[in-house]
Number of protein chains: 2
Amino acid sequence: MESEGKIVFTEEQEALVVKSWSVMKKNSAELGLKLFIKIFEIAPTTKKMFSFLRDSPIPAEQNPKLKPHAMSVFVMCCESAVQLRKTGKVTVRETTLKRLGASHSKYGVVDEHFEVAKYALLETIKEAVPEMWSPEMKVAWGQAYDHLVAAIKAEMNLSN
Amino acid sequence: MESEGKIVFTEEQEALVVKSWSVMKKNSAELGLKLFIKIFEIAPTTKKMFSFLRDSPIPAEQNPKLKPHAMSVFVMCCESAVQLRKTGKVTVRETTLKRLGASHSKYGVVDEHFEVAKYALLETIKEAVPEMWSPEMKVAWGQAYDHLVAAIKAEMNLSN
């Protein structure tokens, strides 16, 4: 939700993402890998979008380059969510939205890819914090993810 | 798996799909709807591919045209699977592979769409027959589905 261009993310939603991120943070490497394995289970074709997977004989989940990449994506999604209310905008640390826009454009990422990744992210978080999981937490993480994707798509449009 | 163009589907695999289909058959309408709700949960964008959903104000799961369509797709997938070994090929009843190829081409269906539908189908069957579900049943239904999609894609290529 946005109001006059500023992202509206309620205190309750912030508390839900902060609480669950504090538990998941220490397992980011493992959870990032689970996220990508779920994405590739749902849509195996998406492996072709990753140069280090494309012609590799090694199964994706054992590919040494996947784990660090998966962890950075997972951490980016979570950190962007926990800062959403404080900053009122999407912030990414290790890279820039501009670079994300360019790379997603380059690899032909479309709505369905972002949606499959969202479904996989919510499933990964649900399995990581089952005792905390609730419909409200699903909405909070889902909305935070949607804001991140909207910011990336804005840059994709600029770079096209 | 294929051998000299004839589909290889083992007796065990046939038994698994026949056994589970005999239980699911009577709930085809409900299970078909669950299949499509799962597809739309994973990739909401795919709703746009259905003319009766595209500009409809009614939520997809309440759209009166979705249930019959979803049932026919679910029945087609299951019937094609249970006949696979006997006929050694993909057979579809209510329509023709040619028509399926043309419609899937027309609506711009790509690999990811077929894969999301496969994931949703396997999840739907897993939830429908939890007591029978096993890794072997997942492979049997998955391979049968892959043969159906390969037959549709062959027609898509002809119609392009």
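For clarity, every value in this text was computed on a predicted model and none was experimentally measured.

Definitions and limits used
- Residues numbered from 1 in each chain as written.
- Chains lettered and ligands numbered in written order.
- Predicted model: local features only at pLDDT ≥ 70, side-chain atom pairs only at ≥ 80, totals over all residues.
- Heavy atoms only, no water.
- Helix = DSSP H or I, 4+ residues; strand = E, 2+ residues; numbered from the N terminus.
- Contact = heavy atoms within 4.5 Å.
- UniProt positions renumbered as here; feature names shortened; annotations may be inferred.
- Buried < 20%, exposed > 50% of the residue type's maximum accessible area, 1.4 Å probe, protein only.
- Expected span 1.5 Å × (residues − 1).
- Least-squares fit on C-alpha atoms with pLDDT ≥ 70 in both.
- Salt bridge = Lys/Arg side-chain N within 4 Å of Asp/Glu carboxyl O.
- Buried area = accessible area lost by both parts, 1.4 Å probe.
- Polar contact = N/O pair within 3.5 Å; in protein donor to acceptor, adjacent residues only side chain to side chain.
- Nonpolar A, V, L, I, M, F, W, Y, C, P; charged D, E, K, R; others polar.

**Here we look at the environment of B:Trp133**
Residue and element names in this part refer to chain B.
Inference 1: Structurally, Trp 133 is set in the loop between helix H7 (111–128) and helix H8 (135–159).
Inference 2: Sequence-wise, Trp 133 and Ser 20 are 113 residues apart; in three dimensions their C-alpha atoms are separated by 8.6 Å.
Inference 3: With residues near it in sequence (within four places) discarded, Trp 133 still touches Leu 122, Ile 125, Lys 126, Lys 138 and Trp 141.

**Describing the UniProt feature "domain: Globin" in chain A**
Inference 1: Mapped onto this structure's residue numbering, the UniProt feature "domain: Globin" falls at residues 8–157 of chain A.
Inference 2: Secondary structure content for residues 8–157 of chain A is 71% helix and 0% strand, while the C-alpha to C-alpha distance between its ends is 23 Å.

**As for the UniProt feature "binding site: heme b" in chain A**
All names here are of chain A.
Inference 1: Mapped onto the present numbering, the UniProt feature "binding site: heme b" falls at Ser 51, Lys 65, His 69, Arg 99, Ser 103 and His 104.
Inference 2: Along the polypeptide, Ser 103 turns up in helix H5 (residues 97–106).
Inference 3: By relative accessible area, which is 27% here, Ser 103 ends up partly exposed.
Inference 4: Mapped onto the fold, His 104 is located in helix H5.
Inference 5: Each residue touching His 104, except ones within four places of it in the same chain, is listed here: Val 109, Phe 114, Ile 152 and Met 156.

**Points about H7(B)**
Inference 1: With 18 residues, H7(B) extends 26 Å between its outermost C-alpha atoms, agreeing within 8% with the 26 Å of an ideal straight helix rising 1.5 Å per residue.
Inference 2: The buried count for H7(B) comes to 13 of 18 residues, which makes it a mostly enclosed element.

**Brief notes about the relation of the copies chain A and chain B**
Inference 1: Screw-axis analysis of chain A against chain B gives a translation of 0.0 Å along the axis, an RMSD of 0.0 Å, and a rotation angle of 180 degrees. Overall, the copies show the geometry of a two-fold rotation axis.
Inference 2: Of the residues that chain A buries at the interface, 100% are likewise interface residues in chain B, meaning the two copies contact each other through the same surface.

**Remarks on the pattern of salt bridges**
Opposite charge on two side chains permits pairing when their charged atoms draw close.
Inference 1: Counted by the stated rule, this structure contains 18 salt bridges over all chains.
Inference 2: Two residues, B:Glu11 and B:Arg85, come together in a salt bridge whose shortest N-O distance is 3.6 Å. Here B:Glu11 is found in helix H1 (residues 11–24), whereas its partner B:Arg85 is found in helix H5 (residues 84–87), with 74 residues between them in sequence.
Inference 3: According to the relative accessible area criterion, B:Glu11 is exposed, its value standing at 53%.
Inference 4: Residue classification places B:Arg85 among the partly exposed residues on the basis of a relative accessible area of 33%.
Inference 5: Here B:Glu127 ties to B:Lys34 by a salt bridge, and the two come within 3.5 Å at their closest N and O atoms. Residue B:Glu127 is found in helix H7, and its partner B:Lys34 is found in helix H2 (residues 28–42); the two are separated by 93 residues along the sequence.
Inference 6: By relative accessible area, which is 41% here, B:Glu127 ends up partly exposed.
Inference 7: Since its relative accessible area comes to 34%, B:Lys34 is described here as partly exposed.
Inference 8: Linked by salt bridges that have partners in common, A:Glu11, A:Glu14 and A:Arg85 make up one network.

**Observations concerning the interface of chain A and chain B**
Inference 1: Contacts between chain A and chain B engage 15 residues on the former and 15 residues on the latter.
Inference 2: Together, the buried faces of chain A and chain B total about 1,300 Å²; carbon and sulfur atoms form 49% of this surface.
Inference 3: On inspection of chain A and its partner chain B, the count reaches 2 salt bridges.
Inference 4: Two residues, A:Lys138 and B:Glu41, come together in a salt bridge whose shortest N-O distance is 3.1 Å.
Inference 5: Applying the counting rule to chain A against chain B returns 8 residue pairs in polar contact (both at pLDDT 80 or more).
Inference 6: The set of elements that each furnish at least two residues to the side of chain A that touches chain B consists of helix H2 (28–42) and helix H6 (111–128) of chain A.
Inference 7: With 6 residues, H6(A) is the largest single contributor of residues to the side of chain A that touches chain B.
Inference 8: When its residues are assigned to classes, the side of chain A that touches chain B shows 5 nonpolar, 3 polar and 7 charged.

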